[in-house]
Amino acid sequence: MAPQIKYTKLFIDNEWVDAKSGKTFETYNPHDGSVIAKVAEGDKADIDLAVAAAKRAFHRNSEWRQLDASQRGEIIRKFADLIERDGQYIAELESYNNGTVMNFASMFVGSFVKTARYLASCADKLHGDTLAADGEVFSYTLKQPVGVCGLILPWNAPVGMFLNKVCTALAAGCTVVVKPAEQTPLTALVLASLLKEAGVPKGVVNVVNGFGPGAGTALTHHSDVAKISFTGSVEVGKLIQQAAGANNLKRVTLELGGKSPLVIMNDADLNLAVPYAANGVFFHQGQICIAASRLFVQSGIYDKFVEAAVKHAQSIKVGNPTDPTTQNGPQVDETMMTKVLGYIEKGKKEGAKLLCGGNRIGTTGYYIQPTVFADVTDDMTIAKEEIFGPVQSILKFDTLEEVIDRANNTNYGLAAGIFTTNVNTALQFSKYVEAGVVWVNTYLSFTPQAPFGGFKESGIGRENGMAALDAYLEVKTVTVSLPKKV
Ligand code: NAP
Ligand code: MG
């Protein structure tokens, strides 16, 4: 049975409101392309109202700013409890609107509850230093919330992105306006209702659905917004940084795409490496920024590995995400499906060897067969551009030195991985690979404590861990005259 749609309006100042224009847009189920609901379409006028509400909630005398830090933590903890209470419904709605396989959606929600609890526990541990300052002064630093934050979300992990960004901002004491992705507007509204139930005062969290060029740009150009946190494409990331620079010099953190290298050495345990490499690129239909989309396999095991990789890809069960035995669901929409199929065609045309998959499945919904290309070379489009689909590209290499240089020969730098039983090889690779996250004999391993983000065009700043909180805080130095002698 389809999950109930409880909220479709904008959430501003703890109230459900229509868009000022009265406009709505349709949102779809990627399993069959059917319309799920009509959702209020926010634009500049609605962003102005939401930012004004967030600004009032950030005033020094507001209920929110007068809370103790530990009380902010309590509200986030209550929010985590409510997500746990409604976890099944949230997972079903995520799956329905985004195509996330139900098993994974439930697992995701469970791990996001942990993230929220971690961030709740951080709220009263954000403090400055007393300084050993020169001269006749007493100096200390305060860490204070940066202000109203604009949080712009992608569609590939809507619940996770919302929770991560919102809970970090709230732990730091900021107020927020959230702009979810056009494809996945629904779960953010449910989470907003739970924040209200958890006791978040009015104006602290606002959610304005709408489109990038409308609501998105209104947020990035607003002079009362102090910071933007964005996850999505490099292209839009660059526009956001320009908007922030052209206007009021907003703080900007960007979590952008990747073309992450995963290296399999001759000495790797193939029983581990084959399934991890497959999961690294096929998980969530390949719609993950850390997808292991350049799989470098050393020449001594290349043929054996390729054979096993194809067998693994062919064993993946693709189908309706609500079926508990399904491993891969549909791509999020027709645009993304067409884009991924276009990359597959390019791979074939440029001479990569298609070993399995390569086609759309059926004619309704946006399903693509798990696809494996071997004999991929560094100059091919499928080895250079982010595909964001279930396409494994296998490249051959001979030496560690060679593979480090080839792994780094990209403008991206989000994640990297290596499978080897030689500790020296693992440590050398980890030291020299240009990536914000490196996994050794594992892949896609996340914990709320570990900072996450990219080198080079994969982004600016970090999410997760205490590093993420710093991005929502300003450091203030206070210096008081204090004679040395009494
Ligand atoms: P996108 O265009 O970068 O969208 C991400 C978010 O930014 C959405 O909320 C979008 O709104 C908003 N946005 C778009 N243009 C904007 C602007 N000028 N100012 C402010 N906000 C704006 O990503 P996409 O089109 O959904 O996907 C394109 C590619 O991005 C994918 O193929 C994939 O390679 C990459 N991607 C990466 C991640 C990641 O996790 N790093 C996630 C998703 C996509 P709308 O929804 O209205 O467009
Ligand atoms: Mg878009």
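Above this note sits the structure.
Rules and cut-offs
Throughout, residues of each chain are indexed from 1 in the direction in which the sequence is written. Here the convention is simple: chains get letters from A, ligands get numbers from 1, in the order in which they are written. Thresholds applied to this predicted model are a pLDDT of at least 70 for local features of residues and 80 or more for the giving and counting of side-chain atom pairs; totals over whole chains, interfaces and linings are not thresholded and use all residues. The basis for every side-chain value is the complete set of heavy atoms in the structure, and neither hydrogens nor water enter the calculation. Only when DSSP finds a minimum of two bridges between them are two strands counted as paired. Where helices and strands are cited, they refer to DSSP runs of H or I of at least four residues and of E of at least two residues respectively, numbered from the N terminus. Each residue after the first adds 1.5 Å to the expected span of a helix. The buried label goes to any residue with under 20% of its type's maximum accessible area, the exposed label to any with over 50%, and the partly exposed label to all in between, with areas taken from a 1.4 Å probe on protein chains only. Contacts were defined at the residue level, with two residues in contact if any of their heavy atoms lie within 4.5 Å. Here, axes are lines fitted to C-alpha atoms. For helices the fit covers the stretch in contact, and angles between N-to-C directions go from 0 to 180 degrees. Under this scheme an angle from 65 to 115 degrees is roughly perpendicular, one under 35 degrees roughly parallel, and one over 145 degrees roughly antiparallel; angles in between are oblique. Residues are grouped as follows: nonpolar covers Ala, Val, Leu, Ile, Met, Phe, Trp, Tyr, Cys and Pro; charged covers Asp, Glu, Lys and Arg; every other residue, Gly included, is treated as polar. Like charges are joined within 9 Å and nonpolar side chains (Val, Leu, Ile, Met, Phe, Trp, Tyr) within 5 Å, but only among residues with over 30% relative accessible area and no salt bridge; these make up the patches. Only the protein chains shown count as cover for residues, and all accessible areas are computed by the Shrake-Rupley method using a 1.4 Å probe. Whenever Lys or Arg places a side-chain nitrogen within 4 Å of a carboxyl oxygen from Asp or Glu, that contact is recorded as a salt bridge. Distances are taken per atom, and a residue is near a molecule or strand as soon as one of its heavy atoms is within 4 Å of it. Side-chain atoms alone can form a polar contact between residues adjacent in sequence; in general such a contact is a pair of N or O atoms within 3.5 Å, and within protein one must be able to donate a hydrogen while the other accepts it. Residues are called lining when one of their atoms sits within 4 Å of a cavity or pocket point, these points coming from a 1 Å grid over the protein atoms alone, where a cavity is a set in which a 1.4 Å probe fits but cannot get out and a pocket is an open set with protein on both sides within 12 Å along at least five of seven lines. Pocket or cavity membership: a molecule qualifies when more than half of its atoms sit within 2 Å of the grid points of that site. Residue ranges assigned to the domains are those given by an automatic or database domain assignment. Grid points are joined across faces, edges and corners, and a volume is the space filled by probe spheres set on the points. His is not counted, nor are the chain ends, whereas Lys and Arg count as positive and Asp and Glu as negative. Each pair of aromatic rings taken from Phe, Tyr and Trp, with Trp reduced to its six-membered ring, is defined by centres within 6.5 Å and is described as stacked if the planes are under 30 degrees apart, edge-to-face if over 60, and tilted in the remaining cases. Charge over a ring is defined by NZ of Lys or CZ of Arg lying within 6 Å of the ring centre and within 35 degrees of the ring normal.

Asks: I'm lost on the sheet that holds strand 6 (residues 137–145) in this one. Help?
Replies: Across a sheet, strands are paired by hydrogen bonds formed along the backbone, either parallel or antiparallel in direction. The strand order 5-6-22 describes an open sheet built from 3 strands, whose pairing is antiparallel. Two strands bound the open sheet, and with one partner strand each, they are strand 5 (130–131) and strand 22 (473–481). For strand 5 and strand 6, the ladder comprises 2 bridges, and the chain directions are antiparallel. Counterpart to T130 in the pairing with strand 6 is Y140.

Asks: What am I meant to see in helix 3 (residues 69–85) here?
Replies: Since the α-helix turns once every 3.6 residues, residues separated by three or four places project in the same direction. For helix 3, with 17 residues, the first-to-last C-alpha span of 25 Å sits near the 24 Å given by 1.5 Å per residue. When helix 3 is considered as a whole, its buried residues turn out to be R72, G73, I75, I76, F79, A80, L82 and I83. Considering only its buried residues, helix 3 is in contact with helix 2 (63–66), helix 4 (87–98), helix 5 (102–122), helix 6 (158–172) and helix 7 (186–198).

Asks: Please explain the packing of helix 5 against helix 6 as it appears in this structure.
Replies: Two quantities define a packed helix pair, namely the angle between the axes and the distance from one axis to the other. Following both chains from N to C, one finds helix 5 and helix 6 inclined at 5°, their axes separated by 9 Å at the closest point. The angle between helix 5 and helix 6 falls in the class roughly parallel. Seen from helix 5, the contacting residues are F112, T115, A116 and L119; seen from helix 6, they are V159, G160, L163, N164, C167, T168 and A171. The residue makeup of the contact of helix 5 with helix 6, split by class, is 7 nonpolar, 4 polar and no charged.

Asks: I would appreciate a short explanation of a nonpolar patch on the surface in the present structure.
Replies: Side chains of F138, V480 and L482 sit close together on the surface and give an oily, nonpolar patch of about 250 Å² of accessible area. Examined against the element boundaries, V480 turns out to sit in strand 22. Exposure remark for V480: the relative accessible area of 38% places this residue in the partly exposed category.

Asks: Looking at this model, I keep getting lost on the sheet that holds strand 18 (residues 391–397). Mind explaining?
Replies: Strand order in the open sheet formed by 7 strands is 14-17-18-13-12-19-20, and the pairing between neighbours is mixed. The open sheet has two free edges, formed respectively by strand 14 (353–356) and strand 20 (437–440), since each of these has just one partner strand. Along the sheet, successive strands turn relative to each other by an average axial angle of 20°, direction set aside. Across 3 bridges, the pairing between strand 17 (residues 371–374) and strand 18 is parallel. Counted as the bridge partner of T371 is V391 from strand 18. In the packing of helix 10 (residues 270–282) onto the sheet, the strands contacted are strand 12 (261–264), strand 13 (294–298), strand 17, strand 18 and strand 19 (415–419), and the crossing angle to strand 18 comes to about 130°. Here helix 11 (residues 302–315) sits on the sheet and contacts strand 12, strand 13, strand 14, strand 17 and strand 18; the angle it forms with strand 18, its principal contact strand, is near 175°.

Asks: Where do I start with the environment of A226 in this structure?
Replies: With respect to the helices, strands and loops of the structure, A226 is situated in the loop between helix 8 (212–220) and strand 10 (227–231). A relative accessible area of 21% means that A226 is categorised as partly exposed. Put simply, A226 and R251 are 25 residues apart on the chain and 6.3 Å apart in space, counted from C-alpha to C-alpha. Beyond its immediate chain neighbours, meaning those up to four positions away, A226 contacts V146, G147, V148, K250 and R251.

Asks: I would appreciate a short explanation of the site of ligand 1 in the present structure.
Replies: What surrounds ligand 1 is a group of 29 residues, the closest being L153, W155, E182, G212 and S233. For ligand 1, an oxygen atom lies 2.8 Å from a polar atom in the side chain of K179. Cavity membership is defined here by more than half of the atoms lying within 2 Å of grid points; on that basis ligand 1 lies in the largest pocket. At the level of secondary structure, the elements contributing two or more residues to the shell around ligand 1 comprise helix 8, strand 10, helix 9 (234–246) and helix 12 (334–349). Looking at the shell around ligand 1, the element that brings in the most residues is helix 8, giving 3 residues. For the shell around ligand 1, the per-class residue count stands at 14 nonpolar, 10 polar and 5 charged. Residue-level mapping places the shell around ligand 1 at the junction of two domains, with at least three residues from each of domain 1 (10–256 + 459–476) and domain 2 (261–448).

Asks: Please explain the pattern of salt bridges as it appears in this structure.
Replies: Where charged atoms from two side chains of opposite charge come close, those side chains can pair. Considering all chains together, one arrives at 20 salt bridges under this definition. K125 is the salt-bridge partner of D124, the closest N and O atoms lying 2.8 Å from each other. Put simply, E463 and K165 hold a salt bridge, and the shortest N to O gap is 2.8 Å. With E463 in the loop between strand 21 (459–460) and helix 16 (465–470) and K165 in helix 6, the pair connects residues that are 298 residues apart, well separated along the chain. Note on E463: relative accessible area 13%, which makes it buried. Shared partners join several salt bridges into a network, and the residues in it are D81, E84 and R117.

Asks: Teacher, can you tell me more about the layout of surface pockets here?
Replies: If you roll a probe as big as a water molecule over the atoms, it shows you where there is empty space left. Quantified by volume, the largest pocket comes out at close to 1300 Å³. Counting only elements with at least two residues in the lining of the largest pocket, the list comes to strand 3 (24–29), helix 8, strand 10, helix 9 and helix 12. If you tally residues by element for the lining of the largest pocket, the top one is helix 9, at 6 residues. Summarising the domain contributions, the lining of the largest pocket has at least three residues from each of domain 1 (10–256 + 459–476) and domain 2 (261–448). Taken together, 27 residues make up the lining of the second largest pocket; nearest its centre are F108, S111, F112, L444 and F446. Counting only elements with at least two residues in the lining of the second largest pocket, the list comes to helix 5 and helix 6.

Asks: Help me understand the environment of A192, please; the structure alone is not making it clear to me.
Replies: Checked against the element boundaries, A192 lands in helix 7. On the basis of relative accessibility, which here comes to 0%, the residue A192 falls in the buried class. Considering only alpha carbons, one finds A192 and S139, 53 residues apart in sequence, at a separation of 40 Å. Excluding its chain neighbours within four sequence positions, the residues that come into contact with A192 are F11, W16, F162 and V207.

Asks: What is the right way to look at the side chain of D46 in this model?
Replies: With respect to the secondary-structure elements, D46 resides in helix 1 (residues 44–57). Buried D46, no salt bridge; nearest opposite-charge side chain is K20, N-O distance 6.7 Å.

Asks: So what exactly am I meant to see when it comes to the packing of aromatic side chains here?
Replies: Any two aromatic rings considered together are summarised by their centre-to-centre distance and by the angle between their planes. In total, this model carries 12 aromatic pairs according to the counting rule given. In textbook terms, an aromatic cluster arises when at least three aromatic residues are bridged by ring pairs, as seen for F104, F108, F112 and F283. Directly above the ring of Y89 sits K6, whose terminal nitrogen or CZ lies 4.1 Å from the centroid. Just above the ring of Y302 sits the side chain of K396; from NZ or CZ to the centre is 4.8 Å.

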